[in-house]
Structure formats: C-alpha cells, structure tokens
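These are the residues of each chain, in order.
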Amino acid sequence: DYEAMAGMRPSTLEHIGVFKDPIDFRLSSKVPKSDDLGTAAARKFEGASDLMSPEDIVLAKGIVESMQRMTEQERQREKEAAEAENGGTLGKKGTGGIRGGETEGERGLETEQQREQEQERQQEVEEEGEREQEIQIEKFVDLMHCRDNEEPESWNIKTLAGGADLPTQFFHARDFRLW
C-alpha cells in the first residue's frame, strides 16, 4: 500500500492522506473514552480543511458547530435524566453522591443498559402493533369469505331422482370407479 505511494508527489500524498486513518495497535487496560459526535466532526474537519474551498469551509464549520450543539444538548439531557433518576444527588460528596462506591463507568453502563431496554420495549410495542394489524387483516379476510348471512340453497329433489337433465356434479353410482 505504502510502496505504491512511494513515487507520488508530496501534494498528491497529502490529498490521499486524508483518506488514510492511522491505526493504533496499543491496548489500554480500561475501556477507552470515545469522542462524541461533535468532537469527532471537529477533528475530521481540521484534518481536511486545507483541501476545502473557502465557501465549503464556512458551510462545514456551520455543520460542525451544529453537531457540537446537538452533542452538548444530548449531554445535558443525559445529565438531567441521571439527576432525576438519582433524586438529584448525583455528584454530591458524602453518602448520597455516588451510590455505594459506584464509579462513573458503572453509571455509564447502567444508562447504556437503560437505553437498550427502552429500545427493546419500543421494538416490542412496534411488533405487538404489527401482530395486531395482521390479526385484523386475517379477521377481515375471514369475514370476506363468511356466508353466515346467506340463506342455504336447497337442491331440487327432482334433480336427485335422475333423468336426462342430471347436473354435472352428480353421477350414477353404477358409473363410479376408482380407475
């Protein structure tokens, strides 16, 4: 990969370098804290801003700022939800602050689990709605073929007596054969 790039001009390498993300093979002893959407967008923008036209830079800055605002709003909503969940004691020192020595990572896992549970509940509600809709369709189809309100049509007894005008669905017993 890099050998193919050896003969390229520096400006071409610089332009291609935007598409190559460095890979870090170091392993941490704890779960890495990932960048939020706004920070990741700002980092990518900084790396590619020298390849953009001035008009595109203005547009991209607006998008990045919007993403950062969205991230900050989400962070604020999560903080308020956590405070409401813990009775407003989150972050206070003493016995009521962090429940029983709970760490920030554990709280993050709990909120992640709560999100997953909420998504599962929403999915179950959607699936239940789909099942109910299928049942309603089946009932409708059953009603389409229902003949409860029709009066039965009796056969004329004279047609059963035989004769030349025997309906096609009847045949004489003497003509009955399996092969």
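All of these numbers come straight from a predicted model, not from anything done at the bench.

Each value, and the rule that gives it
Residues numbered from 1 in each chain as written. Predicted model: local features only at pLDDT ≥ 70, side-chain atom pairs only at ≥ 80, totals over all residues. Heavy atoms only, no water. Patch = residues over 30% accessible without salt bridge, like charges linked within 9 Å, V, L, I, M, F, W, Y side chains within 5 Å. Areas by Shrake-Rupley, 256 points an atom, 1.4 Å probe, with all protein chains shown as cover. Salt bridge = Lys/Arg side-chain N within 4 Å of Asp/Glu carboxyl O. Lys, Arg positive; Asp, Glu negative; His and termini not counted. Charge placed at Lys NZ, Arg CZ, Asp CG, Glu CD. Helix = DSSP H or I, 4+ residues; strand = E, 2+ residues; numbered from the N terminus. 1 Å grid on protein atoms, 1.4 Å probe; cavity = no way out; pocket = protein on both sides within 12 Å on 5 of 7 lines; lining within 4 Å. Points joined across faces, edges and corners; volume = space filled by probe spheres on them. Nonpolar A, V, L, I, M, F, W, Y, C, P; charged D, E, K, R; others polar. pLDDT = per-residue confidence, 0-100. Contact = heavy atoms within 4.5 Å. Axes fitted to C-alpha atoms, helices over the stretch in contact; angles between N-to-C directions. Parallel < 35°, antiparallel > 145°, perpendicular 65-115°, else oblique. Left-handed = near helix turned anticlockwise from the far one by under 90°.

A. Local environment of a negative patch on the surface. A surface patch of like charges, here negative, comprises E126, E130, E134, E138 and D142. Along the chain, E130 turns up in helix α4 (residues 104-144).

B. Looking closely at the layout of surface pockets. Counted as a void, the largest pocket has a volume near 1,300 Å³. Considering the residues around the largest pocket, the lining is formed by 30 residues, among which K33, E78, E104, G108 and T111 are closest to the centre. Elements represented by at least two residues in the lining of the largest pocket include exactly α3 (54-85) and α4. Broken down by element, the lining of the largest pocket gets its largest block of residues, 10 residues, from α4. Tallied by class, the residues present in the lining of the largest pocket amount to six nonpolar, eight polar and 16 charged. Of the voids in this model, the second largest pocket is the one considered here, and its volume is about 180 Å³. Contributing to the lining of the second largest pocket are G17, V18, K20, D21, R43, K44, G47 and A48.

C. Region of interest: the confidence of the model for the protein. Per-residue confidence for the protein averages 77 on the pLDDT scale, and 80% of its residues sit at or above 70. Mean pLDDT per element in the protein: helix α5 (residues 157-160) is the minimum at 70, and α3 is the maximum at 87. pLDDT under 50 marks residues 90-98. Its contacts with residues more than four places away, or in other chains, come to 11 contacts.

D. Molecular detail of the packing of helix α2 (residues 37-48) against α3. In the contact formed by α2 and α3, the axes pass within 7 Å of each other and the chain directions differ by 160°. Between α2 and α3, the interaxial angle falls into the category roughly antiparallel. Along this stretch, α2 crosses α3, giving a crossing that reads as left-handed. Between α2 and α3, the contacting residues are L37, G38, A41, A42 and F45 on the first element and I57, A60, K61, V64, M67, Q68 and T71 on the second. Split by residue class, the contact of α2 with α3 holds eight nonpolar, three polar and one charged.

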